Amino acid sequence: MNENNIDWKKYLIVFLFTVGLFLSASYVSNYFGNKKIDQLKLIQDKISIDILSSETQFSLLSELSCKNISDSVLSGELGELANKLEWGQQNLGMTDTVLYLKKYYSLLEIKDYLLTKNISKRCKTKAAFILYFYTTAENCSECEKQGLALSALRDKYPELRVYSFDYSIDLSAVKSMLQIYKIEDTKLPALVVDEDVLTGFRGIDELESRVKESFKLQETTPINTNSTKTIKK
Amino acid sequence: MDSISSIVLYVLTFLSVYVQVFFLITFLENRKKIITRKGPIKLIKYPKVTVIVPCWDEEKTIYKTVRSLLDLNYPKDKLKIFLVDDGSTDGTWNAILKFSKHSNIKIFHKENGGKYTALNLGLKHVETDFLGCLDADSIADSESLVRIMSYFEKDPSIMAVAPSIVAFKSKNIIQGAQRAEYDMSVYIKKMLGFIEAIHVAPGPLTIFRKKVFDDLGPYRHAHNTEDMEIAYRMQKNHYKIEQCNDAYIYTSTPLTITKLYKQRLRWIYGFINNTIDYRKIIFRKKYGNFSLFTVPSSIISIFAVSFLFGKMVYNLGSFLFSKILQFQAGGFHFTSKTNFLDLFFVNTQSLFFIIIVLYFLIILSITLGKKMTEGKWGFSFNTIYFLLIFSIIGPFWLLKAVYNTILSRKPAWR
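Being a predicted model, the structure only gives us computed values, none of them experimental.

A. Region of the structure containing the overall build of chain B. Within chain B, the regular secondary structure consists of 12 helices and eight strands. Taken along the three principal axes of its C-alpha coordinates, chain B extends 80 × 45 × 45 Å. Burial statistics for chain B: of 414 residues in total, 42% are counted as buried. The contacts of chain B with a sequence gap of at least 6 include a subset with a gap of at least 24, amounting to 84%.

This is how it looks when you write it as structure tokens:
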């Protein structure tokens, strides 16, 4: 009697139904994934416009006064974009769109770096930069550590700008930077602080003293933060 | 490595969803056949039934158990009760003696030999066409037997009928969790009943035709899960087992984590080892849905839980590792000022939605089980306790059962 109780059609229907559930889940997931990509694109476009505007402003006013140059608003948004991109890379996968957005992001970083450097030179404003090269092509735990140390440092000194670049990214602008600073893939992570190239993991204390020395940065304390804000206004 | 792990994860998730959808579709097909009777019912004929109560150190609960049998809505002259003391070391024998004056109660005393030996002693003396066993920690609802017997009356091909086992009122969240779990197993067993694939004939008042034991032989030790082995044996021999969802047997559930752990370890160990003993009937279509669905789905659940647990430990490990790195790199602090409440960071991977669907199906099965036993809809916090407690502690008894099996089966390789 038992052989007759096997309802093969039901096994098939359940299978199709389950496949249907998986397909719907993947559809919903794609939908939200695309929404997120759109959001990333929107942030990048905004940053791109901001940079362009600052550059234009800089060219227009360069012969006049430094007073009118607005502090480029980018660092905060670049930070947000970096976080979202990293999350996207982990959770959406390294799709073509994510890769494209990452390239675009690197380009924006370089532009922001050049612009801020120019402004600081001409207007004698304080600015501190660290260029940071890491790799995602291989498992680099030192890079992970370095990244954490840098974000700790950035939290301490909001004026510090950290620009991070993926060594393996296929972008000519990044490649030129690698050539300029002679960064090799065997010596990652690599940092450029004040035109010096540092390779291997560097602890927060070492970086702090270097940064403090060359840029005379102020630590964030409640009072200082307020004063920075007032200056910005 | 990562991609293999995610393929395994997807396959196991797919199979788990498949099992739940299978139950749901079975439910939708048969929902009209599920009846929850409220009041007393009458049978055309009342066949004679023997209930064997094996007791081992149960002096505290035996009185209530026997009392519930005496109070059954079933003609007294049609019901025989065998009380078998399996060499108790406490006052069980004295407690049993108090019932000796009842004309329909027979008492036995034997050396301790395990539950199956006590049942087999009772079996030898059974003269009725129907028999069952009632664990001495359980209480039968007064309508339970007559409702079970109505299934036999309706369908002569049925060889055994299992009741709905309901957990007693819960005193703490551990018992609360088990209450939800018992509700879920009422649902699952009913569905397995519809596809003739029940894998356990539980100790609390499953009623058999005597023919089952006459044909297939007495209970076996069966790794301390004789109630599972008899069901496997019946399925192997194409003997139909049904589930009567409105026959309630109230059973006391473990009150502490340790006791729950021990009980489940025994169950899972029994399941694994009975399945190994009966491995030849898996994926053979002549053994029906039992061999194609019930046993494979239980095996899948063991794999799924073990795998998920392994993955969870791995994830926890790498999380701690990254925290250590972070500490070495610059002390603890909130790394970024990003607002993580930002909807952007909500997980939208497809597996996430699948897991939501899976949880929904599990909660639905608990709710449907509750409806089948209590006859009313409702959501209870016990469901949450169940999901929490069983997903945290479940893997431990499961892995321990696997470990014990590997150890105890070592000699068999030589």
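B. The arrangement of the overall build of chain A in detail. The helix and strand tally for chain A stands at seven helices and four strands. The order of helices and strands in chain A, counted from the N terminus, is α-α-α-β-α-β-α-β-β-α-α. Across the 233 residues of chain A, 29% fall into the buried class. Of all intrachain contacts in chain A linking residues separated by at least 6 positions in sequence, the fraction that spans at least 24 positions is 73%.

C. Region of the structure containing the sheet that holds strand β5 (residues 138-140) of chain B. Residue and element names in this part refer to chain B. Taken in spatial order, the eight strands of this open sheet run β3-β2-β1-β4-β7-β6-β8-β5, and their pairing is mixed. Two strands lie at the open edges of the sheet, namely β3 (105-110) and β5, each paired on one side alone. Each adjacent strand pair in this sheet contributes to an overall mean axis angle of 30°, direction not counted. Sheet contacts for helix α4 (residues 115-125): β1 (49-55), β2 (79-86), β3 and β4 (130-133); angle to β2, the most-contacted strand, approximately 140°.

D. Quick look at the interface of chain B and chain A. Across the boundary between the two partners, chain B contributes 34 residues, which contact 36 residues of chain A. With eight residues, the single largest contributor to the side of chain B that touches chain A is helix α10 (residues 288-330) of chain B.

E. Representation of the environment of His221 of chain B. Relative to the helices and strands, His221 of chain B resides in the loop between α7 (210-216) and α8 (226-236). Sequence separation between His221 of chain B and Gly113 of chain B is 108 residues; the distance between their C-alpha atoms is 9.8 Å.

F. Geometry of the environment of Ile300 of chain B. All names here are of chain B. If you trace the backbone, Ile300 turns up in helix α10. Exposure remark for Ile300: the 17 C-beta atoms within 10 Å place this residue in the partly exposed category. Taking the C-alpha atoms as reference points, Ile300 and Ile4, 296 residues apart in sequence, are found 18 Å from one another. Ignoring any residue separated from it by four or fewer positions in sequence, one finds Ile300 in contact with Leu12, Leu15, Ser16 and Val19.

G. Summary view of unusual backbone geometry. All names here are of chain B. Unlike most non-glycine residues, Glu196 shows phi in positive territory, near 55°. Here Glu196 is to be found in the loop between α6 (173-194) and β7 (207-209). Residue Glu196 is classed as buried on the basis of its C-beta count, with 23 C-beta atoms lying within 10 Å.

H. Inspection of the pairing of β1 of chain B at higher detail. Residues and elements named next belong to chain B. Counting buried positions over the seven residues of β1 gives seven, a clear majority of the element. Side-chain alternation along β1 places Val49, Val51, Val53 and Cys55 on one buried face and Thr50, Ile52 and Pro54 on a second face that is also buried. Of the pairings in the sheet, the one linking β1 to β2 comprises seven bridges and is parallel in character. Across the sheet, the residue bridging to Val49 is Leu79, located in β2. Note that β1 and β4 share four bridges and pair parallel. When the bridges of β4 are listed, Ile52 appears paired with Cys133.

How each quantity is defined
- Residues numbered from 1 in each chain as written.
- Chains lettered and ligands numbered in written order.
- Predicted model: local features only at pLDDT ≥ 70, side-chain atom pairs only at ≥ 80, totals over all residues.
- Helix = DSSP H or I, 4+ residues; strand = E, 2+ residues; numbered from the N terminus.
- Buried ≥ 20, exposed ≤ 12 C-beta atoms within 10 Å, placed from the backbone.
- Contact = placed C-beta atoms within 7 Å.
- Pairing = 2+ DSSP bridges.
- Axes fitted to C-alpha atoms, helices over the stretch in contact; angles between N-to-C directions.

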